[in-house]
Amino acid sequence: MSQKLVAFSGGGWHSLSALYGMTAGALDALEQRGQTRDLNNLFGNTDAIAANSGGTWALTTLASSTAINTALQSKSGTDAITNSGFLGQVREAFERLPQFGQRSVEPFMLPLLSDKNGIDFNWERLVKKLVYAPAGDIPDGQFTPGSLTRWAQNKHLIFATGLSAIRARNIFDRALPPQPMIAARSGLFPPLNNIESAARANNIPNDAQVIPLSIELNNSAGTNSLFRVTGAGTNDVRIDYNSVRGFQRSSTRIPSKGDASQLPLISPSVYSSAAFAIGLNALTTRNADKLAPMVSLTPQGLTNYPKAPQTISERAGHSTAKERGLARTLDGLFIDNTAISYGLSALQSDSGLENNFQISAFINTTNRLSDWVNITLNDDGILKLPYDITMLFGFDQDGNPLPTNDGYPIPSLPFTFTQPNAVVFNADSLTGIPADPNWSFEPSDSNVRLEQRTIKVTTRDNETFGIPGKINGTLNLFIFSNPSSDPIAYNGNILNQYDTNFNSFRQALNSPEGDSLIADSFAFNY
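Computed from a predicted model, the values in this text were never measured in an experiment.

Engineer: Before we move on, could you go through the overall build of the protein and cite the residues and values that matter?
Structural biologist: The number of helices and strands found in the protein is 16 helices and 22 strands. Computed over its C-alpha atoms, the radius of gyration of the protein comes to 22 Å, within 12% of the 24 Å expected for a compact globule of 526 residues. Counting over 526 residues, the protein shows a buried share of 62%. Contacts in the protein between residues far apart in sequence, at least 24 positions, make up 73% of those at least 6 positions apart. In the form shown here, the protein has an accessible surface area of approximately 19700 Å², with 46% of it arising from carbon and sulfur atoms.

Below is the structure:
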């Protein structure tokens, strides 16, 4: 049997709603074949599921909520998901926000994060309020297989996130994003006495501003709950600490792999989705140590750390940060929003990546087709794909080759942010395919588009993720786009688009072509 990986992309609540629509449509296809309609059967032939950001919210709720699992077992329960069910409750949570109803995201975000909403710039509180509280029954347990529902307990689940490696080269680097992340405060004159943290690893380019951190559940492994700094050796990872005044610097070695069972169940998804920490820190100076979740990495394992410690002196601040291995986490989208590279890395780390691996990746975007990357094919045709995908094959926003070893900037950000290399497939795996997808679905009453492509891929050596080259597999891509949607709902029109995402993805998979393709992707035709 070949290794089978499913990947859920990020994209906030846009991705969450689309992935629930995909799940609903896939369960419809399963039931159409006379099989029991449940997630145990849907993921029965899947070895591993990797997810990033909003995709981790979908994965966590599907893997742990008994109520959601029960609702999905019937068509009537599934029909109610956007009304009285989970996504309907998400809608009500947004509608109750006092600042809801803005024309753009800017006047929405800062009031949303303020202490007036009980968030106080704490990303975990926001995710609980607008994702997990609406689910209603997410276990208040640890990040272990025992906290999951039956279908997920024996799956390899991978949560894509990263450790901040942002460093200040001059005073302007502290005034504009991306800002260095605060690990401790000391003395009487903040922010001059702040102590900043930056991770580094021997396998990561020096200019990269984030280090990949994979947090995993794997009941078949010796350690069923673990974290990994991908591709790193035993003594390869450090956290550097720098006083803002520049009077003191220190460094500590942290484990590249260890136990994660002391984390609360939802924490990996909180780390994985903390995208706003980089852009908003510059606007919230006094709260700059809150938006990016803080963790402690020691030989005893990975744990949450509530807030930056306050010490009397800089020396004491450095000592505390070093002893506890304090660092800040960032959204996995700053490395690989598809989570595919994280999934391949986990398979390689677990039992070794094998020939004939199969990936079914569900990529959700709000970019217009005109904003996708143009790739010139071997037959001189033009292929259009989102950058999240072309990047994996080594193509930048303009369709030109990316560096093979160095880091490179993320084009979608309004400021320069350098990511480590996440090119995991040979370029010719992409340039030899047809320009047109195998199948596409575009309802006439919305801006939604779903397309499917099957690509024969060959891996490329990648030090960032520890992935070996020359291994062959198949990538089944489902690309769902809705330019009228948004990663976060700041008004009712966007909430309506979340309903459209769910219903359109489900409708597409209820078509004869979509039904057959989703059955092949989850291998329940066999």
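Anyway, onward from the coordinates.
Engineer: Outline the packing of helix α3 (residues 54–64) against helix α8 (residues 123–135), supporting the account with residue identities and numerical values.
Structural biologist: At a minimum axis separation of 10 Å, α3 and α8 run at an interaxial angle of 30°. Accordingly, the angle class assigned to the pair α3 and α8 is roughly parallel. Considering how the two elements wind past one another, α3 and α8 form a crossing that is right-handed. For the pair α3 and α8, contact is made by T56, W57, T60 and T61 and by V127, V131, Y132 and A135, respectively.

Engineer: Which residues make up empty space enclosed by the protein, and what values do they have?
Structural biologist: Tallied over the full model, the rule gives four cavities of 30 Å³ or more. Considered as a void within the structure, the largest cavity measures approximately 70 Å³ in volume. Forming the walls of the largest cavity are W13, L16, S17, L87, V90, R91, L495, Y498 and D499. Those elements that place two or more of their residues in the lining of the largest cavity are α1 (12–32), α6 (86–95) and α15 (492–510). Size it by volume and the second largest cavity reaches roughly 60 Å³. Together, K4, L5, V6, N45, T46, Q358, I359, S360, S521, F522 and A523 line the second largest cavity. Classifying every residue of the lining of the second largest cavity gives five nonpolar, five polar and one charged.

Engineer: Please set out the environment of F159 residue by residue, giving values where relevant.
Structural biologist: If you trace the backbone, F159 turns up in strand β3 (residues 156–164). Under the relative-accessibility criterion, F159 is labelled buried at 3%. Among residues more than four places away in sequence, those in contact with F159 are A51, T56, L59, T60, F143, L213, S214, I215, P268 and S269.

Engineer: Describe the layout of surface pockets, with residues and values.
Structural biologist: Taken as a whole, the largest pocket holds about 1400 Å³ of empty space. If you go around the largest pocket, you meet 46 residues; those closest to its centre are A275, L333, S412, L413 and P487. Contributions of two or more residues to the lining of the largest pocket are made by α1, α7 (106–113), α10 (276–281), β15 (357–365) and α13 (387–390). Looking at the lining of the largest pocket, the element that brings in the most residues is α10, giving four residues. Residue classes in the lining of the largest pocket are distributed as 26 nonpolar, 15 polar and five charged. Considering only enclosed or pocket space, the second largest pocket measures out at about 400 Å³ in volume. Elements with a contribution of two residues or more to the lining of the second largest pocket: α8 and α9 (267–272). Looking at the lining of the second largest pocket residue by residue, the class counts come to eight nonpolar, three polar and seven charged.

Thresholds, definitions, all that
Residues numbered from 1 in each chain as written. Predicted model: local features only at pLDDT ≥ 70, side-chain atom pairs only at ≥ 80, totals over all residues. Heavy atoms only, no water. Helix = DSSP H or I, 4+ residues; strand = E, 2+ residues; numbered from the N terminus. Rg over C-alpha atoms; globule rule 2.2 N^0.38 Å. Buried < 20%, exposed > 50% of the residue type's maximum accessible area, 1.4 Å probe, protein only. Contact = heavy atoms within 4.5 Å. Areas by Shrake-Rupley, 256 points an atom, 1.4 Å probe, with all protein chains shown as cover. Axes fitted to C-alpha atoms, helices over the stretch in contact; angles between N-to-C directions. Parallel < 35°, antiparallel > 145°, perpendicular 65-115°, else oblique. Left-handed = near helix turned anticlockwise from the far one by under 90°. 1 Å grid on protein atoms, 1.4 Å probe; cavity = no way out; pocket = protein on both sides within 12 Å on 5 of 7 lines; lining within 4 Å. Points joined across faces, edges and corners; volume = space filled by probe spheres on them. Nonpolar A, V, L, I, M, F, W, Y, C, P; charged D, E, K, R; others polar.

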